[in-house]
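Each chain, letter by letter, is given below.
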Amino acid sequence: MSAPQSHLETLPRSLNVLLALCFLALLLFPFVGTDFYVQMVSRMMILAIFAMSLDLLQGVTGLVSLGHAAYFGVAGYALAFLTPAGEPISLYTSLPLAVAASALLALMIGFLVVRTHGIYFIMVTMAFAQMVFYLFFDNKALGGSDGIYINFKPDAKLFNLENKHVFYYFTIACLLAVYIFLRRLLWSPFGRALAGIRVNEHRMRALGFDTFAHKLCAFTLAGALAGLAGYLWGAQTGYINPELMGFHMSAHAIMMVILGGMGHFAGAIIGAFSFEYVLHVFKDLPEVAGFNLGKHWQLWMGLFIVALVVFAPRGILGLLAKIFKSNGDAP
Amino acid sequence: MKPLPTSRRAVLKGALAGVTATGLAVPEWALAQTGKIRVGLMLPYSGAFAPLGVAIENGVRLAINEQGGKLGGREIEWFKVDDESDPSKGIENANKLVQRDKVDVLIGTVHSGVQMGIQKVARDSGVLTLIPNAGIHAATRALCAPNVFRTSFSNSQPTLALGEAMVKRGHKKAVWITWKYAAGDEAFEGFKESYTKAGGTIVKELGLPFPNVEFQALLTEIAALKPDAVACFFAGPSGAKFMKDFAAAGLKGKIALYGSGFLTEGVLEAAGPAAEGVMTTLHYSDSLDTPRNKAFRLAYAKTFRAQPDVYAVQGYDTGLLLAQGLKAVNGDVNAKPALFKAMESAVIDSPRGKWTMSPSHNPVQDIYLRVAENGENKVIGVAAKALADPGTGCRMG
Amino acid sequence: MDIVNFLIQLLNSMQYGLLLFMLAAGLTLIFGIMGVVNLAHGSFYMLGAYLAWSLASLTGSFALAILVGTILSVLFGLLLEWLLFRHFYQRDHLDQVLLTFGLIYVFEEMRSILWGDDVHGVAIPDLLSASIPLTDTLSYPVYRLFMSAVCLVLALGLYLLISKTKLGMKIRAGAFNHEMTQALGVNIKLIHAVVFALGVGLATVAGMVAAPVSSVYPNMGSQVLIMCFVVVVIGGIGSVKGALVAALLVGLVDTFGKVLLPQVAGMLVYVLMAAVLLFKPEGLFKH
């Protein structure tokens, strides 16, 4: 289903250096940015974790899920339900529980869904996510269409997450941990098996691999990581509503992964940042000759996406890899 | 070490330029003070509630321009954010105005779900916040704050005045129908309280997801239940559709139709004959025969070449309140205690009639009983005088 | 619920189901024959509704609006296929998903720029504006019966086209084996264009015909799109017969769910889909 050469598992060395520099910039950002922008970058990092989780499913295993946001949202809701109205909940109990909730949901839906292929897989993942969406949307007891507010950030005892800078660094730590974990996973036997499934599932089966179990594992793991992102999102914004599990959110995740470049998790991070940034820029466009460009940001976004698919299917990382490779560096 | 080849340098330079150009790295001290007062509007400029957002902004600007175009003697710098009526982006959008643009006053919004996000940001930041529409109870009850003022209504105010009017007309058995979201639920609270207190019985409570307008199945259900009347809450053009579908299902004339006044606000032309005879309760009516209302409607129509509705009036009153408050402190928006006191004790000479602030910062106002006749909402009486929102659970200072 | 009420709700569910079928039929054809997943299908529905509104306001005649609207949208569909979609038949489903998602944004904004963001009603033509009394309280709008009739006629027409005409035979052949059909001298590019235009046409006519009943408002496309996908999944990709059966099923579950089980009404259709997939992973009628 996906062309094997569209994946960027290894990168030229100088590109790796550039990425390390970007990470350094990220570490130093709170010293130069205003509160509003520190929060915005925190949000981008959370979305980057979300994008990486989808990259595991899509870029590595080749499963295109249009319903990944369901696992993102469920963890946020778990935090919302666990946090009492008048005081915070412990980070150390709520985080594992929320991630477990997402993983469980992913396991259950994955079991039904992983047996389908191609277009079917895309559509059933979307449909199941919609089901979860409506479960929350229609029921006042679960917050309904108005969502639930989380009045306190989780209590981490050793450090104070209510402090925006502390939260920022906590998010960086999560981002780094997930990245390292996934990179190691990519090169582990399990990861290699997943890549093999993406390239040719029949061959893998013929070689004796239980592809159903592998795919289900990947699906569940991806769901759990999406849950981590959802938990952080809920903690950061203090508000969870069904739209976070909706179709648009899932589609955004796919776009972030494609924009950045699939297969190498740094691409997902770049994609998340770039996508949010582009969105921010489009929304803030000024009025030109009486025509409010910012109001019609969806048009620019749509055209941008179309252009992306037509001209840069390997995403930003793919473009950069081409530039850096052509200057003589060995990958 | 080998110098970086040109293209890599270009990429790095470009990235750095891009980042600084869009102000991502601009530190706080660089945002200079200009002496202008920064007013932020967070309203729906796209989607189904866009006309309401426009009407509210028009009202605000009209009021301020009538006062000389300045607030407390200071020029105004406007900031606008389209909240898209999307609750999931409520906090983010409010922060764009409060944290990024550093507004002195935040005016917003229409959708109650989005309002909760604004409320959170307002309480955390202490910015003066004026609510020109969203009637969510919490904003002037459990989550009230000294810096938050509402110039519109609370969701149950219009329906608190509806129950008695219905029972007086002999309609003792009713079905309630609305959207299943905060505004619908809270409107029901008011209806339930007033209707049962007056001796009415609610046969069934029907709901559909917001903003669904497929009423057919539920209209069939209503016909089977055969109540004396139907009471409802729908806002915007969906109200017109409901009235039209109600008539098309043959229920008009057999079952009386009542509603919270938003049902017939601004949509009478679109609804046509289906709206004739529908009775509603609201804190305003275009046909209010007072010199104040007439002057306002003329001024609005001349300036914006459109007829004002209740949303425009609410926007107008927001402008009036803001102007009065800032005049009392000579434009010093940081003199918070004096500013808030001035706003709390303000008497707003509104096109809807004079009103004052309740202790929890919600309007204490008359609710009119209106009937839709010949394309306008004719006032046939006052359904409730000086109705105040109870402000349950509000703890301020 | 008494028998009369039950029958009327049945009528309601059939009407909704038939409308869904019009949309799902187009989607399943485009999937089944060109292998293209088109998320922007709901946008055509919206296009139809807005065309109906603006043309009816311009010309004063609903019938004329439908006629002109259909021609315009079929032309638009052909243009879109030639310009964009044609180049994506061989590409990844992922790329198709992305492309069409981007198109949703573009179409929504074009709609906003051309026709604004207000919500509009479309007047039911006088001829069809009566209501038939069914009980002493309830009447059934004639227009809704008209809608169902239109959908039925189109469904029949589609069936006849696909199974009884030469063109239909070529379409089926193309779906079965792309290269072989081409090798046999059939102009497969033309077939693709025809099928795409047919799919677009069905969706826009659905929007036009539904406009008086559903109102014309921003984002109306995305709401109906997802339902459409569910119908196609339940019915089986590429099967028009499956789309019909599934659409009627969904209509039933949705309508009765709203009335009998409002708490879970939104979820019921998806539970139905899950149940079908558990036993038949490729839908009710395999293509």
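Here the structure is a predicted model, which means the values were calculated and not measured.

Enquirer: Provide a residue-level description of the state of the cysteines, including the pertinent values.
Expert: Residues and elements named next belong to chain B. The final tally for this structure, using the stated rule, is 1 disulfide over all chains. Note that Cys 144 is cross-linked by a disulfide to Cys 394, the S-S spacing being 1.9 Å. Looking along the S-S bond of the Cys 144-Cys 394 disulfide, the torsion reads about 95°, which is the right-handed sense. Linking Cys 144 in the loop between strand E4 (128–131) and strand E5 (148–150) with Cys 394 in the segment after strand E14 (376–387), this pair joins segments that are 250 residues apart in sequence. On the basis of relative accessibility, which here comes to 21%, the residue Cys 394 falls in the partly exposed class.

Enquirer: Any details on the packing of aromatic side chains? Residues and values, ideally.
Expert: The relation between two aromatic rings is expressed through the spacing of the ring centres and the mutual angle of the planes. Here the structure, examined in full by the defined rule, presents 43 aromatic pairs over all chains. With centroids separated by 4.9 Å and ring planes inclined at 40°, the aromatic side chains of Phe 234 of chain B and Phe 242 of chain B adopt a geometry described as tilted. According to the relative accessible area criterion, Phe 242 of chain B is buried, its value standing at 0%. Here a set of aromatic residues connected by ring pairs shows up, and it is made of Trp 179, Tyr 181, Phe 215, Phe 234, Phe 242 and Phe 246 of chain B. In this structure, Arg 115 of chain A is placed above the aromatic ring of Phe 111 of chain A, and the distance from its NZ or CZ to the ring centre is 5.7 Å. The ring of Phe 167 of chain A has Lys 153 of chain A lying over it, and the distance from NZ or CZ to the ring centre is 5.9 Å.

Enquirer: Could you give an account of the pattern of salt bridges, with specific residues and numbers?
Expert: Residue and element names in this part refer to chain B. Within the structure shown, the criterion is met by 26 salt bridges over all chains. The salt bridge partner of Lys 70 is Glu 75, with a shortest N-O separation of 3.8 Å. Given the relative accessible area of 38%, Lys 70 is considered partly exposed. The class of Glu 75 is partly exposed, set by a relative accessible area of 44%. Of the charged contacts in the structure, one is a salt bridge between Glu 221 and Lys 204, with a shortest N-O distance of 3.1 Å. On the criterion of sequence distance, the pair formed by Glu 221 in helix H8 (residues 216–225) and Lys 204 in strand E7 (residues 201–208) is long-range, its members being 17 residues apart.

Enquirer: Can you explain the sheet that holds strand E1 (residues 37–43) of chain B? Please cite residues and give values.
Expert: Pairing between sheet strands relies on hydrogen bonds along the backbone, with the strands arranged either parallel or antiparallel. Residue and element names in this part refer to chain B. One open sheet holds the 5 strands; their spatial order is E2-E1-E3-E4-E5, and the pairing between them is parallel. Unpaired on one side and paired on the other, strand E2 (76–82) and E5 mark the two borders of the sheet. Put simply, the sheet's adjacent strands are angled 20° from each other on average, direction ignored. Bridge analysis of E1 against E2 gives 7 bridges, and the strand direction is parallel. The residue of E2 that forms the bridge with Gly 40 is Phe 79. Docked against the sheet, helix H12 (residues 310–328) engages E1, strand E3 (105–107), E4 and E5, running at close to 150° with respect to E4.

Reading guide: rules and limits
- Residues numbered from 1 in each chain as written.
- Chains lettered and ligands numbered in written order.
- Predicted model: local features only at pLDDT ≥ 70, side-chain atom pairs only at ≥ 80, totals over all residues.
- Heavy atoms only, no water.
- Disulfide = S-S within 2.5 Å.
- Helix = DSSP H or I, 4+ residues; strand = E, 2+ residues; numbered from the N terminus.
- Buried < 20%, exposed > 50% of the residue type's maximum accessible area, 1.4 Å probe, protein only.
- Phe/Tyr/Trp six-rings, centres within 6.5 Å; stacked < 30°, edge-to-face > 60°.
- Lys NZ or Arg CZ within 6 Å of the ring centre and 35° of its normal.
- Salt bridge = Lys/Arg side-chain N within 4 Å of Asp/Glu carboxyl O.
- Pairing = 2+ DSSP bridges.
- Axes fitted to C-alpha atoms, helices over the stretch in contact; angles between N-to-C directions.
- Contact = heavy atoms within 4.5 Å.

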